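Fold and geometry: a report
Below are the chains, spelled out letter by letter.
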Amino acid sequence: MAPKGKVYRGSVKDFPGFDASQDAEALYNAMKGFGSDKEAILDLITSRSNKQRVEICQAYKSLYGKDLIADLKYELTGKFERLIVSLMRPPAYGDAKEIKDAIAGIGTDEKCLIEILASRTNQEIHDLVAAYKDAYERDLEADIVGDTSGHFKKMLVVLLQGSREEDDVVSEDLVEQDAKDLLEAGELKWGTDEAQFIYILGRRSKQHLRLVFDEYLKISGKPIERSIRAELSGDFEKLMLAVVKCIRSTAEYFAERLYKAMKGLGTRDNTLIRIMVSRSEIDMLDIREVFRTKYEKSLYNMIKEDTSGEYKKALLKLCGGDDDAAGEFFPEAAQVAYRMWELSAVAKVELRGTVQPAAGFNDDGDAQVLRKAMKGLGTDEGAIIEVVTQRSNAQRQQIIKAYKAHYGRDLMADLKSELSGSLAKLILGLMLTPAQYDAKQLRKAVEGAGTDESVLIEIMATRNNQEITAINEAYQEAYHKRLEDDLSSDTSGHFKRILVSLALGNRDEGPENLTQAHEDAKKLADVSSNDSSDSLETRFLSILCTRSYPHLRRVFQEFIKMTNHDVEHAIRKRMSGDVRDAFIAIVRSVKNKPAFFADKLYKSMKGAGTDERTLTRIMISRSEIDLLNIRGEFVDLFDKSLHHMIEKDTSGDYRKALLALCGGED
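Bear in mind that the values here come from a model prediction, so they are computed numbers and not experimental data. (Residues numbered from 1 in each chain as written. Predicted model: local features only at pLDDT ≥ 70, side-chain atom pairs only at ≥ 80, totals over all residues. Heavy atoms only, no water.)

**Description of helix H7 (residues 110-119)**
Burial runs high along H7: eight of the 10 residues are buried. Those residues of H7 that fall on the buried side of the exposure criterion are Cys112, Leu113, Ile114, Glu115, Ile116, Leu117, Ala118 and Ser119. Structurally, H7 contributes buried residues whose contacts are with helix H6 (91-103), helix H8 (122-136), helix H9 (140-147), helix H10 (150-160), helix H15 (234-262) and helix H16 (269-279). (Buried < 20%, exposed > 50% of the residue type's maximum accessible area, 1.4 Å probe, protein only. Helix = DSSP H or I, 4+ residues; strand = E, 2+ residues; numbered from the N terminus. Contact = heavy atoms within 4.5 Å.)

Listed below in C-alpha cells is the structure:
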C-alpha cells in the first residue's frame, strides 16, 4: 500500500484473507431485523482498507441489490454514522464531499478548505478535482472562485492546479533568491507583495521550500511564520501558515489540528473525523508520534478522554495503538524531535525587547513632567505611564537622579504616595534596575510565612550568569544578607541544592561538546544506577545547572536519540514537586526561553481571575530583553495575541501601562 521504496505509515492495512462477499454478508446480518450490531459494524469496517471497503460495497449491491452506504446511514446515527459513512468513501470522494459541504449554503467553512488544499499532494489534488466533477457534475475551481475572494481565492486556485514542483534536486542560488524575494516582498517593503508569496509558496517543491525557510531565518532573524503573521491577514494568512506547516511537516500540522479539535470545552467532531479518516492509510503513525512528542500524551489517550461510545471505539481502532503503553517506542518520533533541535541549533534568533531608549531623551524634562503629574490635587496617571513605559531602564535611572537634583525629592517615594494597587506595583517595579527588581521579588518569595517556590524557580532558572551576579549584589545591598543563605534557610533537600547551584552564577558559557553531550545524555537516561551518592536528582542537577545552553541543547537531542523521549517527559515521569518544576523550568528555558515566558503569561490570565503578580513581574523583567519574541511565541502557541489577552483580562490605568509595555498588537 505504500509507494515503492517507502515504508507504509498508515494505521489501517489490508485485511489478510479478505473476502468481500463474506464481509458484505456479515454487515447485512449486523443490520438485519430490529436494531443493529454496531460493534460488529465498527470492528469490520475499521479493520479493512479503503480499497477493500469499496469492494465490500460492490459485493453488497451484487448480493442484496441494495446500497451499503444508504443502509449504514439508515441504521446508524450521529457522529458514529458520520465516521463510518466517511470510511466507506474513496479518499478523493471523501475530500470532494467535505469541500462541497464547506462551500454549500450560507457561509463557507474556510478551515476545511485550508486543511484539505494545503495538505494534499499533486496527485491527491488531481483525484479530488476529478471526483468532484464526477460526484456533483460541477467544476471545483469555479465553485471555489464563486465562494471566496481576494488573495485567499488566488492561493486556493494555485493549489487546485496540483502543479507543485516535485524535483528533489535543489538549486542553492534559487533558494537564496527565493528567501531574499520573500523578505523583500514582506518585511522590507511598504505594504506587502502578496503575489510573490503566492508564487513561491504555491509552486516550489517541499524540499526546496524547507531550505528557503532555513535561509529566510538566517537572513531575517525570524521564522517565515512570524513574517506571514505580521504581513498577511485573515483567511489568506491562515492558508499561508497552513501551507508552511505542511511543507515543514504534514504530520505535525495534522497533530496540531487534532489537538486543537479536542482541547478545551467541546470537541470539533467534523475535524476529528475528517483527519482520522483521511490520514488512517497515509501517515497516522507519524501523526501519533509527533502528537506524543509535542503534547506529552498519546493521541489514543486524548481520544479516549474526549469521546464516548461506539464513536470512541471506532476512532481508537483507526488510531491503531496507544503510544503511552509500555514498550511502544517509535524511532520516527525521536527523528522529528531531533530535526527540531537541529533547526534550533543553527537558528540565531535575535532577542528583542519592546522598550527601547527614547530618542531625544531629556532627563530633566521628564522629571518636570512627572513632578507636574503628581503636584496638587489628583494625579495624572496617563502622563506618568507615558514617561515611565516609554523610557529604557537606564533612562529611568537618570530621571530619578534628575528629579532629586531638581526638586530635592525622592521620585520613588512620590510615586509610591500618589499611585496605588496594581499600577503602583508596575510603575515602581519599572523604576528599579532589573537586578534590584529581581532581588526584591526573591526577597518577597522567601520572607514571612510560607515560600513562593514558583517565583524562585522562574527567576533562578531563567537568568544568565551576569544577571545572577547582579542579583546577588543587589540583594546584599538591599537586605544585608546573602541570597544563597536565604535560599538555604527557606528551602530544603534537592530543591535547595538546585537553587543554591543556580545562585552561584557559575554556568559554563562555552559551545557544545558532542562527546561530553553523549555522556551527559547517557547519565540522565540511566535509571538503573544503584549508587546512593549518585541519585537521579543529583545527576540531573550536575548537568542541568552547570552546562552551557548550547551544550544542553545537544544533550537533549542525544537524550531523545537514546530513549525516544523528550527529557521533559522523563522529568515529569520520574520526579515530583518543586524539584520536578525547577528542572522543567530549566529545560524549557534552554529550549526556548520566550516560549517559557509566553506560557507563564497565558496561564496568568486564562480562566477565572488574573495572577497580576506573575503578569506584572514578567512584563517588567522581559520588556527590554525578549518581550517581542515572547509576543510571537504567544501567538504561535495560543492562536491569540498577548495584546488582545491583556486588553480583555485587565482594566484601567494598569491595562494602559501593560499595553504600552506590550508594544503593539500582533
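From this point, the narrative continues.
**Some remarks on the packing of aromatic side chains**
Counted under the stated rule, the structure contains 15 aromatic pairs. Taken together, the ring pairs in this structure connect Tyr28, Tyr60 and Tyr64 into an aromatic cluster. Note that arginine 48 overlies the ring of phenylalanine 15, its terminal NZ or CZ placed 3.7 Å from the centroid. One cation-aromatic arrangement involves arginine 371 over tyrosine 407; the distance from NZ or CZ to the ring centre is 6.0 Å. (Phe/Tyr/Trp six-rings, centres within 6.5 Å; stacked < 30°, edge-to-face > 60°. Lys NZ or Arg CZ within 6 Å of the ring centre and 35° of its normal.)

**Notes on the layout of surface pockets**
Volume-wise, the second largest pocket comes out at about 620 Å³. Of all the elements in the fold, those that place two or more residues in the lining of the second largest pocket are helix H24 (411-418), helix H25 (421-431), helix H26 (434-446), helix H28 (465-479) and helix H36 (612-622). Broken down by class, the residue content of the lining of the second largest pocket amounts to 11 nonpolar, six polar and eight charged. (1 Å grid on protein atoms, 1.4 Å probe; cavity = no way out; pocket = protein on both sides within 12 Å on 5 of 7 lines; lining within 4 Å. Points joined across faces, edges and corners; volume = space filled by probe spheres on them. Nonpolar A, V, L, I, M, F, W, Y, C, P; charged D, E, K, R; others polar.)

**Notes on helix H18 (residues 299-306)**
Burial in H18 covers these residues: Leu299, Met302 and Ile303. Around the axis of H18, the buried residues are gathered within 100° of arc, so they sit on the same side. Where the residues of H18 are buried, they touch H15, H16, helix H17 (284-295) and helix H19 (309-319). (Arc of directions from axis to C-beta.)

**A word on the pattern of salt bridges**
Applying the stated rule across the entire model yields 46 salt bridges. Note that glutamate 256 and lysine 245 form a salt bridge whose closest N and O atoms lie 2.8 Å from each other. On the basis of relative accessibility, which here comes to 13%, the residue glutamate 256 falls in the buried class. Put simply, arginine 463 and aspartate 438 hold a salt bridge, and the shortest N to O gap is 2.8 Å. Here arginine 463, found in the loop between helix H27 (453-462) and H28, pairs with aspartate 438, found in helix H26; they are 25 residues apart in sequence, far enough to count as distant. Judged by its relative accessible area of 7%, arginine 463 is buried. Judged by relative accessible area, which is 6%, aspartate 438 ranks as buried. A single network of salt bridges, built from pairs that share partners, joins Glu568, Arg572, Arg588, Lys591, Asp599 and Lys603. (Salt bridge = Lys/Arg side-chain N within 4 Å of Asp/Glu carboxyl O.)

That's the geometry; what it means functionally is another story.
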